[in-house]
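# A look at the structure
Spelled out from the first residue to the last, the chains are:
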Amino acid sequence: MKTIIETITNNEAHDWKIFAKASEFLKAGGLVAFPTETVYGLGADTMQAEAAKKIYAAKGRPSDNPLIVHIADEKALRELAAEVPDTAITLARRFWPGPLTMIFKKRPEVPDTITGGLDTVAIRMPSHPTAARLIRESGVYIAAPSANISGKPSPTLAKHVIDDMKGRIDMIIADDTVDIGLESTIVDMSAEVPMVLRPGYISLAQLRTVLGNVVMDKAVACGEQLPADVKPKAPGMKYRHYAPKAPLTIVRGTPDNMAGFICGILEEASAYGDKVGVITTDEHIHCFTGGIVESLGSRSDGQAIARNLFAALRKFDEREVDIIYSESFDDTEVGQAVMNRLIKAAGHNIIEV
Ligand code: TXA
Ligand code: MG
C-alpha cells in the first residue's frame, strides 16, 4: 500500500490540502496517523467497524485491546457515552482538551470492534491543534491507538511512525510538535469510585485535587511486581509493551550510586565486546565513556524525561545494542507515568544499588 506522508508547515494554503486529503481517507474508511499532544495516533472512523479492523491489522494488535475515541466537543461525548456522571463533566471542564482519557458505559451505536467487546468506551478530547482540526474537518470521531507496531514504544516523532507504519496505512501527517511524550492518563468513570487505569501526564494527585476520591488500579501501582492473580483493568496494560529489543535493567539508588554502578557495567561489558545502551541524565552524562548513552534531560526536569524516554528506547533498537541499563527517576507527578512505562519496558527487572 502506498502511504502518503505530508508535513504540517503552518502555511494555511499548504496545510488546508493536507486536512482535506486526510479527511477524505478517514471518511472512506482509511487509516491516517496524526500527532497529538501525548504521542502520535493511528486514526480511523469510529463508526465504521471495518475501518477499526484495519487498525488492528496494521499494528498487529490483539483484537481484545480496545481503542480510544478522539472527539472535539462535549456534544460528541453524549453521542458515544450512555451515562456521563457529573464527576466526568467536572474532569472534562478542568482537563479537556488535554491528555486525559475517560471510560464510560457505551451507547449501542459504538461498534464492538472499537471496544474489544467491552460495554464501555474510552474517550479523549486532544488539545493538539492538528488533532483537533482533523476531528473537526473530517466530522469523524477518530478511534486511535498509539501509531506504533504493537509492543514497541509509542511514537513521539514522525520518523518513528514512518519506521513502523509506512506501507501499512493511507497517510501520515508529520508534525513534530508532540510535547508530552507519554500516553494520556486513563480514568474509569464507569466504576463506583473513579479509578486510574493508566498513569499519565495528569497525575493522581491532580485528579484528587479536583474530585477528592480517586483510586489507582492496584495492578498498575508504580513499581509493584504483579501477583499472578491481579489483572490490570485496561486490557492494554497486561501486554509486554514499550519494550526495546535488547533486555533492559533499571538501576535504583542515589543518583551517584546509580551512575557509578552503570559505569562499572559499561566497562566490563565493553571489555567483552558487548554494545551497551545507557539511559542517564544531564547531571551524569559526563561519567560515561563508550556505549550508546542517552540523556533524557536534567534529573529535575520531569517533563523533559517524559518527552525523551520513548525516542531513547527506539534509538537503542536502531543502534542494535545488546543490553540496556537505565537510571531510575523520581516517581511523583509525571514521574509516576515515566516509571510505569520504564518498569514495563524492563519487564520489572530492577537492581537496587
Ligand atoms: O495519549 C493517548 O492516549 C494516545 C493518543 C493517540 O491519544 N493513545 C493511546 O492509545 O495510547 P492506546 O491504544 O495505545 O492505548 C489505549 C489504552 C489501552 O491500554 C486500552 O486497553 C485502554 O486504553 N482502553 C481503551 N478502551 C478501554 C476500555 N473501554 N476499558 C478499559 N481500558 C480501555
Ligand atoms: Mg499504545
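We now examine the layout of surface pockets. If you add up the space inside the largest pocket, you get close to 710 Å³. In this structure, the largest pocket is lined by 42 residues; those nearest its centre are Arg61, Asn65, Pro66, Ile186 and Gly236. Of all the elements in the fold, those that place two or more residues in the lining of the largest pocket are β4 (68-70), β6 (120-124), β9 (185-188) and β10 (195-198). Take the lining of the largest pocket: its biggest share by element is four residues, from β6. Considering only residue class, the lining of the largest pocket consists of 18 nonpolar, 16 polar and eight charged.

This next bit is on the pairing of β6. Most of β6 is tucked away: five of the five residues are buried. Both faces of β6 are covered, namely the face carrying Thr120, Ala122 and Arg124 and the face carrying Val121 and Ile123. Relative to β6, β4 runs parallel, the two sharing three bridges. If you follow isoleucine 68 over to β6, its bridge partner there is alanine 122. Bridge count between strand β5 (residues 100-105) and β6: five bridges; the pairing is antiparallel. In the strand pairing of β6, isoleucine 103 is matched with alanine 122.

The terminal C-alpha atoms of helix α11 (residues 334-345) lie 17 Å apart, and with 12 residues this matches the ideal 16 Å at 1.5 Å per residue to within 8%. Most of α11 is tucked away: 12 of the 12 residues are buried. Three or more residues of α11 are buried, namely Val334, Gly335, Gln336, Ala337, Val338, Met339, Asn340, Arg341, Leu342, Ile343, Lys344 and Ala345. Immediately beyond the C-terminal end of α11, within one or two residues, lies glycine 347, with a positive phi of roughly 55°.

What follows deals with the pairing of strand β3 (residues 41-45). With five of five residues buried, β3 lies mostly within the body of the structure. Alternating residues of β3 divide into Gly41, Gly43 and Asp45 and Leu42 and Ala44, and every residue in both groups is buried. Judged from the three bridges that link them, strand β2 (residues 32-34) and β3 form a sheet pairing that is antiparallel. The residue bridging alanine 33 from the neighbouring strand is leucine 42, located in β3. Between the antiparallel neighbours β2 and β3 lie six residues. Of the strand pairs in this sheet, β3 and strand β7 (residues 142-143) are connected by two bridges, and their pairing is antiparallel. Residue pairing for β7: aspartate 45 is matched across the bridge by isoleucine 142.

About the criteria used
- Residues numbered from 1 in each chain as written.
- Chains lettered and ligands numbered in written order.
- Predicted model: local features only at pLDDT ≥ 70, side-chain atom pairs only at ≥ 80, totals over all residues.
- Heavy atoms only, no water.
- 1 Å grid on protein atoms, 1.4 Å probe; cavity = no way out; pocket = protein on both sides within 12 Å on 5 of 7 lines; lining within 4 Å.
- Points joined across faces, edges and corners; volume = space filled by probe spheres on them.
- Helix = DSSP H or I, 4+ residues; strand = E, 2+ residues; numbered from the N terminus.
- Nonpolar A, V, L, I, M, F, W, Y, C, P; charged D, E, K, R; others polar.
- Buried < 20%, exposed > 50% of the residue type's maximum accessible area, 1.4 Å probe, protein only.
- Pairing = 2+ DSSP bridges.
- Expected span 1.5 Å × (residues − 1).

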